[in-house]
Amino acid sequence: QVQLVESGGGLVQSGGSLRLSCAASGFTFSDYAMNWYRQAPGKERELVASITSAGSNTNYANSVKGRFTISRDNAKNTVSLQMNTLKPEDTAVYFCNAHEEKWMRRNYWGQGTRVTVSS
């Protein structure tokens, strides 16, 4: 079965760092763009970072640009999000998402990992 399992969330002080990881299985990982989304309490889900299937291109939300870095390892079926200089505004549940770069355009989601940044 398809699985996306996030890990690495936790409690960190403002200015600190965390590295989130997502382990994928049950589908052809190298056919999928990978994304990190987040959802804060009382707010809608937002796209934080994206990386194409081969890792050739990345993009970031303006709010995290210069602080977060997305990367992937297609040999290990993993995608990571390095988060530096964390701010209280980064507090949210972070979700790993896979989006197929083929005509079928299948879409998969993890269950999320919680990040709390204290001031």
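What you see is a predicted model, and the numbers here were worked out from it, not measured in a lab.

Cut-off values and rules
- Residues numbered from 1 in each chain as written.
- Predicted model: local features only at pLDDT ≥ 70, side-chain atom pairs only at ≥ 80, totals over all residues.
- Heavy atoms only, no water.
- Pairing = 2+ DSSP bridges.
- Helix = DSSP H or I, 4+ residues; strand = E, 2+ residues; numbered from the N terminus.
- Axes fitted to C-alpha atoms, helices over the stretch in contact; angles between N-to-C directions.
- Disulfide = S-S within 2.5 Å.
- Buried < 20%, exposed > 50% of the residue type's maximum accessible area, 1.4 Å probe, protein only.
- Contact = heavy atoms within 4.5 Å.
- Phe/Tyr/Trp six-rings, centres within 6.5 Å; stacked < 30°, edge-to-face > 60°.
- Polar contact = N/O pair within 3.5 Å; in protein donor to acceptor, adjacent residues only side chain to side chain.

> Would you mind going over the sheet that holds strand β8 (residues 78–83) with me for this structure?
Whenever strands of a sheet pair, they do so through backbone hydrogen bonds, lying parallel or antiparallel. Overall, antiparallel pairing links the 4 strands, which are arranged β1-β3-β8-β7 in an open sheet. Unpaired on one side and paired on the other, β1 (3–7) and β7 (68–73) mark the two borders of the sheet. Along the sheet, successive strands turn relative to each other by an average axial angle of 15°, direction set aside. Looking at chain direction, β1 and strand β3 (residues 18–25) are connected through 5 bridges and run antiparallel. Along β3, the bridge assignment pairs Ser 7 with Ser 21.

> Honestly, the state of the cysteines in this entry has me stumped. Any pointers?
Each disulfide is one covalent bond, formed between the sulfur atoms of two cysteines. Applying the stated rule across the entire model yields 1 disulfide. What pairs with Cys 22 in a disulfide is Cys 96, and their sulfur atoms sit 2.1 Å apart. Residues Cys 22 and Cys 96 are joined through a disulfide that is left-handed, its torsion about the S-S bond being -80°. Pair noted here: Cys 22 is in strand β3 and Cys 96 is in strand β9 (residues 92–100), with a separation of 74 residues, a long-range link.

> Which parts of the structure should I look at to understand the environment of Thr 52?
With respect to the secondary-structure elements, Thr 52 resides in the loop between β5 (46–51) and β6 (58–60). Among the residues examined, Thr 52 registers a relative accessible area of 25% and is labelled partly exposed. When sequence neighbours within four positions are dropped, the list of residues in contact with Thr 52 reads Ala 33, Asn 57, Arg 72 and Glu 101.

> Help me out: how do you make sense of the packing of aromatic side chains in this one?
Here the distance between the centres and the angle between the planes together describe a pair of aromatic rings. Enumeration over the complete set of coordinates arrives at 5 aromatic pairs. Judged by centre distance (4.6 Å) and plane angle (65°), the rings of Phe 27 and Tyr 32 are edge-to-face. Taken individually, Phe 27 and Tyr 32 each receive the classification buried, so the pair is uniform in this respect. Geometrically, the ring pair formed by Tyr 37 and Trp 109 is tilted, given 4.9 Å between the ring centres and 50° between the ring planes.

> Looking at this structure, how should I read the side chain of Thr 113?
Structurally, Thr 113 can be placed in strand β11 (residues 113–118). Among the polar contacts made by the side chain of Thr 113, one reaches the main-chain amide nitrogen of Gly 9 at a distance of 3.2 Å. Among all residues touching Thr 113, those that are not within four sequence positions of it are Glu 6, Ser 7, Gly 8, Gly 9, Leu 20, Ala 92, Val 93 and Tyr 94.

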